[in-house]
Amino acid sequence: MDDSVNQGKSILALEVTEEQKETIYNLFAHHNWDYKEIEIKENKDENKETNGAGNSEDFDDFLIEQNDNFEECPYCLCKPCITHEHNRQMWWESEIQMAHIRNSSLRKTDYKRFWTNLFHRNVWQDPRYLERKRAALRQDPRRRNYVYHRRDLMPKCVIELVRSWFPNLPNVPYMGHMWE
Ligand SMILES: [Zn+2]
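So, a few notes on the structure that sits alongside this text.

Rules behind the numbers
- Sequence order as written defines the numbering, with residues in each chain counted from 1.
- Totals for whole chains, interfaces and linings use all residues, but because this is a predicted model, local features are given only for residues with pLDDT of at least 70 and pairs of side-chain atoms are given and counted only at 80 or more.
- Numbering goes from the N terminus for both helices and strands, where a helix is a DSSP run of H or I of at least four residues and a strand is a run of E of at least two.
- Think of it as a crowd count around each C-beta: if 20 or more other C-beta atoms lie within 10 Å the residue is buried, if 12 or fewer it is exposed, and in between it is partly exposed, with C-beta placed from the backbone throughout.
- A pair of residues counts as a contact when their C-beta atoms, built from backbone coordinates, are within 7 Å of each other.

**Observations regarding the environment of Trp165**
Along the chain, the position of Trp165 falls in helix H5 (residues 156-165). The class of Trp165 is partly exposed, set by 17 C-beta atoms lying within 10 Å. For the pair Trp165 and Asn103, spaced 62 residues apart in sequence, the C-alpha separation works out to 8.8 Å. Once residues lying within four places of it in the same chain are set aside, the contact partners of Trp165 are Glu93, Ile96 and Gln97.

Laid out in structure tokens, this is it:
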């Protein structure tokens, strides 16, 4: 990953309602834009940003560290699993939605969000992931048989969670196999 991903980025803090926040998330998802949620620490670390120690260090600030107190998930390679309660995001569903044909597009939106979460944990650059991706592409060169976002394979744990939130109707098969 080179540093260009963060070029021209700045931090925008807004005080918004839940509804407004959801609308902003949807807007970003619609445009397929990535974003990074930044925890606001009141007045702390204020000087850190202005020290200008160099680009590579700025980029490190955007990575979310794995938590070594947890076991690594064999699918998403995160500690704990990206679908673990510990990694809960504002947009996570709190209840299961009714089975519906439109759920397929809602699942896509959440795959994008999980893609971003995994991006910030460097999973897409992990050599073990890259090896799995090569193996999957040998089996599925046209990328039709697995669940992809931005040419990356959605891990099984993410697919299972998102499908549990947005199920298909009983007689409708899901698109895309799970890879392991
Ligand atoms: Zn996982």
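Further notes follow.
**Description of unusual backbone geometry**
Lys79 connects to Pro80 through a cis peptide bond whose omega is -10 degrees. For Asn122, which is not glycine, the phi dihedral falls at a positive 65 degrees. In this fold, Asn122 is placed in the loop between helix H3 (103-119) and helix H4 (127-139). Since 16 C-beta atoms lie within 10 Å of it, Asn122 is described here as partly exposed.

**Thoughts on the environment of Gln97**
Inspection of the secondary structure assignment puts Gln97 in the loop between helix H2 (55-61) and H3. Separated by 67 residues in sequence, Gln97 and Ser164 have C-alpha atoms that sit 8.4 Å apart. In contact with Gln97, other than residues within four places in its own chain, are Asn103, Trp165 and Phe166.

Remember, this is a structural readout, not a statement about activity or role.
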